[in-house]
2 protein chains.
Amino acid sequence: MPILAVGSLAFDSIRTRFGSVEKELGGSATYFALAASYFTEVRVVGIVGEDFGAEHEAVLRRRNIRTEGIERAAGKTFHWSGEYAENVNEARTHFTHLNVFENFRPQIPGEFRATEFLFLGNIHPSLQVEVRRQVNGARLVAGDTMNYWINHTPGELTEALRVFDMLLINDGEARMLSHESSLPRAANHVLAMGPKALVIKHGEYGATVFFREGAFGIGHHPFRAPALPIEEVKDPTGAGDSFAGGFLGYIASQGELSREVLKRAMFYGGVMGSFAVEDFGTRRLQALSREEIDARFRAFRELTHLE
Amino acid sequence: MPILAVGSLAFDSIRTRFGSVEKELGGSATYFALAASYFTEVRVVGIVGEDFGAEHEAVLRRRNIRTEGIERAAGKTFHWSGEYAENVNEARTHFTHLNVFENFRPQIPGEFRATEFLFLGNIHPSLQVEVRRQVNGARLVAGDTMNYWINHTPGELTEALRVFDMLLINDGEARMLSHESSLPRAANHVLAMGPKALVIKHGEYGATVFFREGAFGIGHHPFRAPALPIEEVKDPTGAGDSFAGGFLGYIASQGELSREVLKRAMFYGGVMGSFAVEDFGTRRLQALSREEIDARFRAFRELTHLE
């Protein structure tokens, strides 16, 4: 089944200890869409400026991603600049120019409104609610958020969480949102706010999915997918969105939610996140093969598999 | 097969947000021995003072731990006092009174010198080398170390690493010892210093074992055991030594090293570490049953198991 992703399309200027890139195609919707494109048809809704050229759109089109929902506005595309020090888990932002993204009011094209799988990328929680309303055919709604919304728009975020079936956040965000330091307690707190499932991403240590009791009729024991130990994280930008793309792209490709589908989805999420960080920007995600992906899936499984 | 453990026996005064305890029985050898005692016969060599009473020895004896190797010296037993804040991964030390431990010169009783499995707990690296020399029947030598020895006795530690078949350390220690921020690179660096296998403990995220190529004839792909998400870490003291006890106790109980034995050992390590932190000191480790341990092993396996 197709999946619809709403989020940012951006240019990123990134420096890590392996080098730097200028105005590399990025944004939450871009990483998500590329990662998910290896599993199912992806439809993107976002906004770009006049500096977003045919060569940028071609990156998505080459992966058969549907780009009709990308709005072109007068002005410049969202541009983020930042760097990562030795500890790749922490970015230092140089600047964030929202540009046309500041006035993004997502309009879902009519033919996309029946899409059954919906990913609400990291945008203002009120816009997430608005998008969810427009996609009235959605059967599974997943999304993420970030520190900024947790701190600055807690009321709107609380509203948004009620429309989420699944939320994907990292350790720090889970603790901040719940005011709990223990992750299982944090998870219970967040699940009581709305989502049936909560995926907490642990960076290089993998990710754990926690379920509300009875969610999806599949039991409530948590499940953890480890991340592959990676020798060199060249550029961690987009790892979380790539995880989400692999995770939800696989779920959408299966069309139904069983415990086994969710477990495999957790592994595919980790696999796509691990590819994303191997090169700058989306470079690695642009040119994978399903064979490479499945080989890493097997390596990943072997990493923790007991007979 | 029996396992011999050499390390500290101590009294710990601990405060966490769940309460506090005074002069609770602790020390690396104590945690290790109790955890390992559920799998095999454990022989302890350490030193205590006049304040170490029959009631303390009884804690070990009730688990059938061999205590003849515990030396009684004039003076007081090693006493550590500290507290853990909200972030249970960091202890703040109030004081460390080494007392009789300061002059510990391990003497291995004659009948223990043929023990095939040897655990060198966290003592001065020169003493680790000295113990290894005395236990001339040892077939598998494992041990740990800590920041203090990495920083203050790097030469002696380099010597000690040459007698280790396996080293167990945490993320921070691996990075400090190797001057590498990437864990797989850190692992390769440490493995080049001597050990055939390196277990890196990630706290609540589990642990990964890395192998030198050809080690034990079982291939060199890393293996990761996740930790169970724990709601309440009441007292993290001794989690690492309890991991080591479960890990090596299980290996000794099997008597031989296959890849499958090592994998299971990683899970048993995590299981024993997870029990240790559920109550203050060694309380939880004193009164487990093998059934409880195996039930958690299965829960642990299910946590990451794909069909």
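Look up: the structure comes first, before these words.
Let me sum up the structure you'll find in this document. (Residues numbered from 1 in each chain as written. Chains lettered and ligands numbered in written order. Predicted model: local features only at pLDDT ≥ 70, side-chain atom pairs only at ≥ 80, totals over all residues. Heavy atoms only, no water.)

1. Section: the nonpolar core
- Counting residues in hydrophobic clusters, the biggest one holds 88 residues, and the most contacted among them are L118 of chain A together with L118 of chain B.
- The contacts of L118 of chain B, once residues within four sequence positions are left out, are I3, L4, V6, V131, R132, V135, A138, L140, V141 and A142 of chain B. (Core = buried A, V, L, I, M, F, W, Y, C linked by side-chain atoms within 4.5 Å. Buried < 20%, exposed > 50% of the residue type's maximum accessible area, 1.4 Å probe, protein only. Contact = heavy atoms within 4.5 Å.)

2. Things to note about the sheet that holds strand 13 (residues 223-225) of chain B
All names here are of chain B.
- Read across the open sheet, the nine strands follow the order 5-4-1-8-9-10-11-12-13; overall the sheet is mixed. With partners counted over all chains shown, the strands left at the sheet margins are strand 5 (66-72) and strand 13, one partner each. The sheet shows a mean angle of 15° between the axes of neighbouring strands, direction not considered.
- As defined by bridge partners, strand 1 (residues 3-6) adjoins strand 8 (residues 117-120) across four bridges and the pair is classed as parallel. In the strand pairing of strand 8, A5 is matched with F119.
- Where helix 9 (residues 259-276) meets the sheet, its contacts fall on strand 10 (166-170), strand 11 (197-201), strand 12 (207-211) and strand 13, and the angle it forms with strand 13 comes to roughly 30°. (Pairing = 2+ DSSP bridges. Helix = DSSP H or I, 4+ residues; strand = E, 2+ residues; numbered from the N terminus. Axes fitted to C-alpha atoms, helices over the stretch in contact; angles between N-to-C directions.)

3. Quick look at the pairing of strand 8 of chain B
Residues and elements named next belong to chain B.
- Residues F117 and F119 of strand 8 are buried on one face, and the alternating residues L118 and L120, pointing to the opposite face, are buried as well.
- Pairing geometry for strand 8 and strand 9 (residues 140-144), over four bridges, is parallel. Bridging from a neighbouring strand, F119 pairs with A142 of strand 9.
- Crossover strand 8 to strand 9 through helix 3 (residues 125-134) is right-handed. (Right-handed = clockwise from strand over helix to strand, strands pointing away.)

4. Comments concerning helix 7 (residues 183-191) of chain B
Residue and element names in this part refer to chain B.
- By the burial criterion, the buried members of helix 7 are L183, P184, A186, A187, V190 and L191. Relative to the axis of helix 7, the buried residues are bounded by an arc of 155° and lie together on one face.
- In the core, the buried residues of helix 7 are packed alongside strand 10, helix 6 (171-178), strand 11 and strand 12. (Arc of directions from axis to C-beta.)

5. Comments concerning the interface of chain B and chain A
- With 36 residues of chain B at the interface, the matching set in chain A holds 37 residues.
- Where chain B abuts chain A, roughly 3,400 Å² becomes buried across the two surfaces, and 49% of that area is made up of carbon and sulfur atoms.
- Taken as a group, Y205, R224 and L306 of chain B account for 24% of the area that chain B buries against chain A, more than any other trio of residues on that side.
- At the surface where chain B touches chain A, the tally comes to eight salt bridges.
- For R175 of chain A, the salt bridge identified is with E204 of chain B, shortest N-O distance 3.1 Å.
- Linking chain B with chain A are 20 residue pairs in polar contact (both at pLDDT 80 or more), by the criterion used here.
- Contributing elements (two or more residues each) for the side of chain B that touches chain A: helix 6, helix 7, strand 13, helix 9 and helix 11 (290-304) of chain B.
- Its residues assigned to classes, the side of chain B that touches chain A comprises 14 nonpolar, six polar and 16 charged. (Buried area = accessible area lost by both parts, 1.4 Å probe. Salt bridge = Lys/Arg side-chain N within 4 Å of Asp/Glu carboxyl O. Polar contact = N/O pair within 3.5 Å; in protein donor to acceptor, adjacent residues only side chain to side chain. Nonpolar A, V, L, I, M, F, W, Y, C, P; charged D, E, K, R; others polar.)

6. Here's the deal with the relation of the copies chain B and chain A
- By a simple turn and slide, chain B fits onto chain A: the slide is 0.0 Å along the axis, the RMSD is 0.0 Å, and the turn is 180°. Look at the turn and shift together and you get a two-fold axis relating the two. (Least-squares fit on C-alpha atoms with pLDDT ≥ 70 in both.)

7. What to know about the pairing of strand 4 (residues 42-48) of chain B
Residue and element names in this part refer to chain B.
- Here strand 4 lies mainly inside the structure; seven of its seven residues are buried.
- Where strand 1 meets strand 4, four bridges bridge the pair, whose relative direction is parallel. Counted as the bridge partner of V6 is V45 from strand 4.
- As judged from the five bridges shared by strand 4 and strand 5, these two strands associate in the parallel manner. What sits directly across from V45, in strand 5, is G69.

8. Structural notes on the environment of V129 of chain A
Residues and elements named next belong to chain A.
- Residue placement: V129 occurs in helix 3 (residues 125-134).
- For the pair V129 and V163, spaced 34 residues apart in sequence, the C-alpha to C-alpha distance is 6.9 Å.
- Excluding its chain neighbours within four sequence positions, the residues that come into contact with V129 are E159 and A160.

9. Some details on the packing of aromatic side chains
- Under the criterion given, the structure shown has 29 aromatic pairs over all chains.
- Plain terms: the ring middles of Y148 of chain A and W149 of chain A are 5.0 Å apart, the flat faces sit at 85° to each other, and that makes the pair edge-to-face.
- Sitting above the plane of the Y38 of chain A ring, R63 of chain A keeps its charged end 3.7 Å from the centroid.
- Of note, R296 of chain B hangs over the ring of F275 of chain B, and the distance from its end group to the ring centre comes to 3.8 Å. (Phe/Tyr/Trp six-rings, centres within 6.5 Å; stacked < 30°, edge-to-face > 60°. Lys NZ or Arg CZ within 6 Å of the ring centre and 35° of its normal.)

10. Let's talk about the sheet that holds strand 3 (residues 19-26) of chain A
All names here are of chain A.
- Read across the open sheet, the four strands follow the order 3-2-6-7; overall the sheet is mixed. The open sheet has two edge strands, strand 3 and strand 7 (91-97), and neither has a second partner. Neighbour-to-neighbour, the strand axes of this sheet turn through a mean angle of 15°, independent of strand direction.
- Bridge count for strand 2 (residues 10-16) against strand 3 is six bridges, and the pairing is antiparallel. What sits directly across from R15, in strand 3, is S20.

11. Focus on the pattern of salt bridges
- On inspection of all chains with the given rule, the structure shows 48 salt bridges over all chains.
- The partner of E260 of chain B in a salt bridge is K263 of chain B, and the shortest N-O contact between them spans 3.7 Å. Of the two residues, E260 of chain B and K263 of chain B both sit in helix 9, three residues apart, roughly one turn of that helix.
- Across the pair R296 of chain B and E278 of chain B runs a salt bridge, and its minimum N-O distance is 2.7 Å. Note that R296 of chain B is positioned in helix 11 and E278 of chain B in the loop between helix 9 and helix 10 (283-286), a separation of 18 residues in sequence.
- Here the salt bridges share partners, and the residues they tie into one network are E41, R43, R66, E68 and E111 of chain A.

12. So, unusual backbone geometry
- Phi at K23 of chain A takes a positive value of approximately 45°, unusual for a residue other than glycine.
- Mapped onto the fold, K23 of chain A is located in strand 3.

13. Details of the packing of helix 1 (residues 28-36) of chain A against helix 8 (residues 239-254) of chain A
Residue and element names in this part refer to chain A.
- In contact at an axis separation of 7 Å, helix 1 and helix 8 are set at 40° when each is read in the N-to-C sense. Classed by the angle they form, the pair helix 1 and helix 8 counts as oblique. Between helix 1 and helix 8 lies a crossing whose hand is right-handed. When helix 1 is examined against helix 8, the residues S28, Y31, F32, A35 and A36 are found in contact with a partner set consisting of D241, S242, A244, G245, G246, L248 and G249.
- Taken together, the residues of the contact of helix 1 with helix 8 break down into six nonpolar, five polar and one charged. (Parallel < 35°, antiparallel > 145°, perpendicular 65-115°, else oblique. Left-handed = near helix turned anticlockwise from the far one by under 90°.)

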